Amino acid sequence: MIWYWYVTRPDELMLDIDGGRGGSILGACRLRLEAAIRSGKLAVRDDMFLYRSGQPGHYHVIIRLKEPMSAWRRFIWEMQLRSDLYRGRCNLMRYVNSIESGESLTRGLYMVGAPALLISPKPWTGFYREPDVDCSCPSKHNFKVFSSCPAARALRGKEAANEGYFGELLKGRIVPKLKVKEGRMSTALFAYSEEAGKFDNGV
Ligand SMILES: [Zn+2]
């Protein structure tokens, strides 16, 4: 299958809205957008774009701003408008990394390591511009697929293989009740490393 990649432009907010407990959280997104517009804090154009992103209740929402905005502010607004928070944190981290490494001086403005983008299983019908790149990866872009995807490498260079910024959660870990309630404590106990297991077992 073909995947279509859209890199966020300086006058776009790109939201990745996942399903909430009761289905979609599109309602919360719309309420927050209304508040932003009514208060005059966000100047948006008259038309915007909404696409289903694959799973039921999941949407890609693209809001066009009247004026370009800094990436910092755009990423904050995207999170405020209920875009997936994990994606938001990764976008910010990618952007900070590109600035601190000096890449922003040598690469294009919005293509600085393509800090923010959306990948769609279909081209967006009626969207005002074409996708930036496409790829034919065999499945949804999880970490493994992403690492070997030519589109990811073209846009993000070495960063493509280094998508994880925060560490993998250990599978099957059950967090024990915290026995120390307040005050100074061992980080190892709090963060449930091997020490916590020993503590629980009275070692
Ligand atoms: Zn791919």
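Reading the values: rules and limits
Residues numbered from 1 in each chain as written. Predicted model: local features only at pLDDT ≥ 70, side-chain atom pairs only at ≥ 80, totals over all residues. Helix = DSSP H or I, 4+ residues; strand = E, 2+ residues; numbered from the N terminus. Buried ≥ 20, exposed ≤ 12 C-beta atoms within 10 Å, placed from the backbone. Contact = placed C-beta atoms within 7 Å. Pairing = 2+ DSSP bridges. Axes fitted to C-alpha atoms, helices over the stretch in contact; angles between N-to-C directions. Core = buried A, V, L, I, M, F, W, Y, C linked by C-beta atoms within 7 Å. Arc of directions from axis to C-beta.

Chemist: Before we move on, could you go through the overall build of the protein and cite the residues and values that matter?
Modeler: Helix and strand content of the protein: eight helices and eight strands. Looking at the 203 residues of the protein, the share that counts as buried comes to 20%. Taking all contacts inside the protein whose residues are at least 6 apart in sequence as the whole, residues at least 24 apart take part in 59%.

Chemist: Explain the sheet that holds strand β6 (residues 59-64) residue by residue, including any values.
Modeler: If you walk across this open sheet you meet the three strands as β2-β6-β5, and the pairing is antiparallel. Edge positions in the open sheet fall to β2 (12-17) and β5 (49-52), since each of these has one partner strand only. The sheet shows a mean angle of 15° between the axes of neighbouring strands, direction not considered.

Chemist: Can you break down the nonpolar core residue by residue, with the values?
Modeler: With 26 residues, the main nonpolar core has Trp5, Leu13, Leu15 and Leu117 as its most contacted residues. Only β1 (3-7), β2, β6, α2 (71-80), β7 (117-120) and α6 (150-156) provide two or more residues apiece to this core. Of all the elements, β2 adds the most residues to this core, at four residues. The residues contacting Leu117, other than those within four sequence positions of it, are Trp5, Tyr6, Val7 and Thr8.

Chemist: Any details on the environment of Leu92? Residues and values, ideally.
Modeler: Mapping Leu92 onto the fold places it in helix α3 (residues 85-100). The exposure class of Leu92 is partly exposed, given the 19 C-beta atoms found within 10 Å.

Chemist: Describe α2, with residues and values.
Modeler: Residues of α2 that are buried: Ala71, Arg74, Phe75, Trp77 and Glu78. In an axial view of α2, the angular spread of the buried residues amounts to 160°, which keeps them on one side of the axis. Structural note: α2 exposes Trp72 and Arg73 on the side pointing more than 90 degrees away from its buried face. Buried-residue contacts for α2 involve β2 and α3. Phi turns positive, to about 75°, at Arg82, one or two residues after α2.

Chemist: Got a sec to walk through the pairing of β5? Specific residues and values, please.
Modeler: Two elements, β5 and β6, share four bridges in a ladder whose sense is antiparallel. The residue of β6 that forms the bridge with Phe49 is Ile62. The turn joining β5 and β6, which pair antiparallel and follow one another in sequence, is formed by six residues; a positive phi near 140° is taken by Gly54.

Chemist: Go over the environment of Phe49 with me, naming the residues and quoting the values.
Modeler: In this structure, Phe49 sits in strand β5. Along the primary structure Phe49 and Trp124 are separated by 75 residues, whereas in three dimensions their C-alpha atoms are 8.8 Å apart. The residues contacting Phe49, other than those within four sequence positions of it, are Ile62, Trp124 and Phe127.

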